[in-house]
Amino acid sequence: MSSFADFQNEIYLNGLGDVLPGLPTDLTRLERLARKRLSPGAHGYVAGSAGTGATARANREAFDRWRIVPRMLRDVTVRDLSVEVLGASLPAPVLLGPVGVLSIVHPDGELAVARAASALNVPMVLSSAASYTIEEVAEAGGEGPRWFQLYWPKDPEIAASFLGRAKAAGYTALVVTLDTPMLGWRPHDLDQAYLPFLRGIGVANYFSDPAFLKGIGGSVGADRSTALLHWAAIFGNPAVTWDDLGFLREHWDGPIVLKGIQHTDDARRAVDAGIDGVIVSNHGGRQVDGAVGALDMLPEVVAAVGERTTVLFDSGIRSGADVVKALALGARAVLVGRPYAYGLGLAGEAGVRHVLRCLMAELDLTMALSGITRPADLTPEFLRGP
Ligand SMILES: Cc1cc2nc3c(=O)[nH]c(=O)nc-3n(C[C@H](O)[C@H](O)[C@H](O)COP(=O)(O)O)c2cc1C
Ligand SMILES: CC(C)CC(=O)C(=O)O
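Owing to the predicted nature of the structure, the values given are computational and were not obtained by experimental measurement.

Draft legend 1. Molecular detail of the overall build of the protein. Helix and strand counts for the protein stand at 17 helices and 12 strands. Expected size for 386 residues packed as a compact globule is a radius of gyration near 21 Å; at 20 Å, the protein falls within 12% of this value. Along the longest, intermediate and shortest principal axes, the C-alpha atoms of the protein span 70 × 50 × 40 Å. Looking at the protein as a whole, 57% of its 386 residues qualify as buried. Excluding contacts between residues fewer than 6 apart, the proportion of contacts in the protein whose partners are at least 24 apart in sequence is 74%. Accessible surface computed for the protein: about 15,800 Å², of which carbon and sulfur atoms make up 52%. Averaging the locations of the 35 positively and 42 negatively charged side chains of the protein gives two centres separated by 5 Å.

Draft legend 2. Quick peek at the pairing of strand S7 (residues 173–177). Within S7, 5 of the 5 residues are buried, which leaves it mostly tucked inside the rest of the structure. Every second residue of S7 is oriented toward a common face, with Ala 173, Val 175 and Thr 177 on one face and Leu 174 and Val 176 on the other, all of them buried. Two strands pair when backbone bridges link them, and strand S6 (residues 146–150) and S7 are joined in this way by 4 bridges, in the parallel orientation. Bridging from a neighbouring strand, Gln 149 pairs with Val 175 of S7.

Draft legend 3. Representation of the nonpolar core within the structure. Within the largest apolar cluster, 114 residues are counted, with the highest numbers of intra-cluster contacts made by Phe 148, Tyr 171, Leu 298 and Phe 313. No other element matches helix H17 (residues 338–369), which puts 12 residues into this core. Not counting residues up to four positions away in its chain, the partners in contact with Leu 298 are Val 280, Val 311, Phe 313, Ala 326, Leu 329 and Ala 331. Judged by nonpolar contacts, the second largest core, of 13 residues, contains Val 125, Trp 147, Ala 173 and Ala 333.

Draft legend 4. Here's a closer look at the packing of helix H16 (residues 320–328) against H17. With their axes 7 Å apart at the nearest point, H16 and H17 run at an angle of 60 degrees to one another. Judged by the angle between their axes, H16 and H17 are oblique. Handedness of the crossing formed by H16 with H17: right-handed. Contacts from Gly 320, Ala 321, Val 323 and Val 324 in H16 reach Leu 359, Glu 362, Leu 363, Thr 366 and Met 367 in H17. Partitioned by chemical class, the residues of the contact of H16 with H17 number 6 nonpolar, 2 polar and 1 charged.

Draft legend 5. Structural context of the site of ligand 1. Neighbouring residues of ligand 1: 20 residues in total, closest Pro 98, Ser 127, Thr 177, Asp 314 and Arg 318. The contact in question runs from a nitrogen atom of ligand 1 to an N or O atom on the backbone of Gly 100, over 3.0 Å. Taking Arg 338, its main chain carries an N or O atom lying 2.9 Å from an oxygen atom of ligand 1. Considering ligand 1 on its own, with 600 Å² of exposed area, one finds that the protein chains cover 97% of that surface. Residues that form the shell around ligand 1 fall into these classes: 5 nonpolar, 10 polar and 5 charged.

Draft legend 6. Seen up close, the side chain of Ser 315. Relative to the assigned elements, Ser 315 resides in the loop between strand S10 (310–313) and H16. A residue is classified by how much of its surface remains accessible, and Ser 315, at 4% relative accessible area, is buried. Polar contacts involving the side chain of Ser 315 include one to the main-chain amide nitrogen of His 283, which spans 3.5 Å. The contacts of Ser 315, once residues within four sequence positions are left out, are Asn 59, Phe 63, Ser 281, Asn 282, His 283, Gly 284 and Ala 294.

Draft legend 7. Summary view of the pattern of salt bridges. Using the criterion set out here, one finds 14 salt bridges in the structure. Residues Lys 167 and Asp 253 are paired through a salt bridge, measuring 2.9 Å at the closest nitrogen-oxygen approach. Residue Lys 167 is located in helix H8 (residues 156–168), and its partner Asp 253 is located in the loop between helix H13 (245–251) and strand S8 (256–261); the two are separated by 86 residues in the primary sequence. Residue Asp 253 is classed as exposed on the basis of its relative accessible area of 66%.

Draft legend 8. Main features of unusual backbone geometry. You will see that Asn 121, though not glycine, has its phi angle at about 60 degrees, which is positive. Among the structural elements, Asn 121 can be located in the loop between helix H6 (109–120) and strand S5 (124–126). Although it is not a glycine, His 283 sits at a positive phi angle of roughly 65 degrees. The residue His 283 is located in the loop between strand S9 (277–280) and helix H15 (294–305) in this model.

Draft legend 9. Quick look at helix H12 (residues 225–234). Listed in full, the buried residues belonging to H12 are Ala 227, Leu 228, His 230, Trp 231 and Ile 234. One side of H12 holds all its buried residues, which, seen down the axis, span an arc of 160 degrees. Of the residues in H12, the exposed ones pointing more than 90 degrees away from the buried face are Thr 226 and Leu 229. Lining the buried residues of H12 we find H8, helix H10 (204–207) and helix H11 (210–214).

Definitions and cut-offs
Residues numbered from 1 in each chain as written. Chains lettered and ligands numbered in written order. Predicted model: local features only at pLDDT ≥ 70, side-chain atom pairs only at ≥ 80, totals over all residues. Heavy atoms only, no water. Helix = DSSP H or I, 4+ residues; strand = E, 2+ residues; numbered from the N terminus. Rg over C-alpha atoms; globule rule 2.2 N^0.38 Å. Buried < 20%, exposed > 50% of the residue type's maximum accessible area, 1.4 Å probe, protein only. Contact = heavy atoms within 4.5 Å. Areas by Shrake-Rupley, 256 points an atom, 1.4 Å probe, with all protein chains shown as cover. Lys, Arg positive; Asp, Glu negative; His and termini not counted. Charge placed at Lys NZ, Arg CZ, Asp CG, Glu CD. Pairing = 2+ DSSP bridges. Core = buried A, V, L, I, M, F, W, Y, C linked by side-chain atoms within 4.5 Å. Axes fitted to C-alpha atoms, helices over the stretch in contact; angles between N-to-C directions. Parallel < 35°, antiparallel > 145°, perpendicular 65-115°, else oblique. Left-handed = near helix turned anticlockwise from the far one by under 90°. Nonpolar A, V, L, I, M, F, W, Y, C, P; charged D, E, K, R; others polar. Near = heavy atom within 4 Å. Polar contact = N/O pair within 3.5 Å; in protein donor to acceptor, adjacent residues only side chain to side chain. Salt bridge = Lys/Arg side-chain N within 4 Å of Asp/Glu carboxyl O. Arc of directions from axis to C-beta.

Written out as structure tokens, the structure is:
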């Protein structure tokens, strides 16, 4: 695709329904449609956030406080959205972030996401808590780029086994999520008594893992309750500290990225420990209620470690303009979460492609109309801020 915005002309010429699965092109409207179409339990799980929702709101408010200041007469005919991230070239500064349990919104779950990502050559970050296994998703994604996200389990043998499986299945980078050693307080799910795992969704990697099975006598068994209880016991590891990062290096020889960094000191420690990148993220506001908006911390983290490491960002991205803002504040690329889960829920693989194409086309147009032709040229000077 020479210009992502050609997509806009395709829509004008052929009509939305001929080019897209008939879904809204504004991802906030897509979100509202998903609320109507998904089951209350699944919608509540995806849309929900921690406590009163203050952090999720703070994520959006942080974006609203920054405004783009477009520049004129800068020849924006030819644009190139590609960026290099951890040694790989991406078609645009956008990745599909790790979202687990996706078969709650569509039976094809992560398989459909892998196909959509592969079609656009966008990296998909596969969650440890996916509904399909590391190997199944790799096969669905074919030659497409893929990263693996680790939820650091209590049992180091399971962690090592996951990393070995991911490596063997062609996942190139490792994302280690630090902000979820346990689930946050999520009233949406508590009130509906809805937790995907207890319904056996999101445990595919565990139930197919020799190290996990060893802990329950070799197999899951017809009554899955023993296996599920064991899963709940080993899923998160609240005891890990900075001293344990060496374990990751011992078992993973590719790039390692820490997800959930919000404080500059943590970012510095990560870099001092030889980590290849950080994701400034508060898990989309799903973990700590009353936390700072993720975008509010991005400039500080970039100032602290931006010259020494790759800084990525997620939490609250809903439009191409949001991507422009995060990039101008120093992120190399962004990850999206809920929007593509809604696309998946509404239209399967085509819905995920829809979300990616809309986001990239809008990013391309917003850059062009702001006088920018390459992501690397985006600097804080293009923003007016708090
Ligand atoms: C339904 C759902 C499941 C998620 N599962 C994971 C996961 O398995 N691993 C992980 O690191 N983050 C997970 N996340 C967090 C996302 O990776 C990401 O940080 C967040 O969704 C970004 O915010 P956004 O939804 O506003 O784009 C999940 C988010 C949602 C909404
Ligand atoms: C396995 C989970 C903890 C999934 C997750 O990260 C989330 O629901 O936010």
